[in-house]
Amino acid sequence: MFKTNTEALAFINEVDGKVKANDNMLAGVAVPFTALSDVKKASKNLIIAAENCHFKENGAYTGEISIPMLQDLKVSHVVIGHSERREMFNETNETVNLKAKALLAANMTPILCCGETLETYEAGKTVE
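Since this is a predicted model, take the numbers as computed values, not measurements. Along each chain, residues carry numbers from 1 onward, in the same order as the chain's sequence is written. The predicted nature of this model means local features are confined to residues of pLDDT at least 70 and side-chain atom pairs, given and counted, to a pLDDT of 80 or more, with totals for whole chains, interfaces and linings taken over all residues. Remark: hydrogens and water are excluded; side-chain values derive from all non-hydrogen atoms of the structure.

A. Representation of the pattern of salt bridges. What makes a salt bridge here is a side-chain nitrogen of Lys or Arg within 4 Å of a carboxyl oxygen of Asp or Glu, nothing more. Here the structure, examined in full by the defined rule, presents three salt bridges. A salt bridge links R85 to E64; the nearest nitrogen and oxygen atoms lie 3.8 Å apart. In this pair, R85 sits in helix α4 (residues 83-89) while E64 sits in the loop between β2 (47-50) and α3 (67-72), placing the two residues 21 residues apart along the sequence. Judged by its relative accessible area of 17%, R85 is buried. In this structure, the salt-bridge partner of K99 is E91, at a minimum N-O distance of 2.6 Å. Note on accessibility: K99 and E91 belong to one class, buried. Residues joined in a network through salt bridges with shared partners are E64, R85, E91 and K99. Helix and strand labels come from DSSP, where a helix needs a run of H or I of at least four residues and a strand needs a run of E of at least two; each type is numbered from the N terminus. Buried residues are those whose accessible area, probed at 1.4 Å on protein chains only, stays under 20% of the maximum for their type, while exposed residues exceed 50% and partly exposed ones sit between those limits.

Okay, here's the thing in structure tokens:
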């Protein structure tokens with residue numbers, strides 16, 4: 001929940017042209033759902049990933065983003081397992097696993113976060 005659509009487009013327009021195709025590296029950014037469509041259209045060189053998804057295809061999950069919604073926008077990568085979602089929204093290894101399996105079943109690429117809490121980071125214990 002970092003950039004507005006306008007800010008995300010400005011960022012992509014600034015950065016996308018600086019990325020060169022390279023067989024040894026993939027470069028991309030994850031943007032909020034509200035910016036996905038416009039940013040995908042603007043980007044020529046970056047992989048544009050979604051910030052999150054729900055493991056169910058549809059249902060009464062207000063505010064969640066389904067995999068079919070992302071597929072409709074031609075999104076191929078989704079970041080899941082964010083430490084703040086685990087901490088603030090009680091996501092678990094089990095729900096992250098459900099998301100990963102759902103993404104793989106949809107032939108999409110999950111980008112699994114193995115992040116730390118702010119306390120762990122500030123204590124210098126990230127690697128540990």
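This is not the end of the story, as more comes after the structure.
B. Examining the state of the cysteines more closely. Two cysteine sulfurs form what is called a disulfide whenever their separation falls within 2.5 Å. According to the stated counting rule, one finds zero disulfides in the structure shown. Here C53 stays unpaired: no disulfide links it, and the sulfur of C113, its closest cysteine neighbor, is 12 Å away.

C. Quick look at the environment of V31. Within the element layout of this structure, V31 appears in strand β1 (residues 28-31). Here the alpha-carbon distance between V31 and T109, two residues 78 residues apart in the chain, equals 15 Å. Every residue in contact with V31, bar those within four places of it in the chain, is listed here: L36, V39, I48, A49, A50 and E51. Contacts between residues were defined by any pair of non-hydrogen atoms, one from each residue, lying within 4.5 Å.

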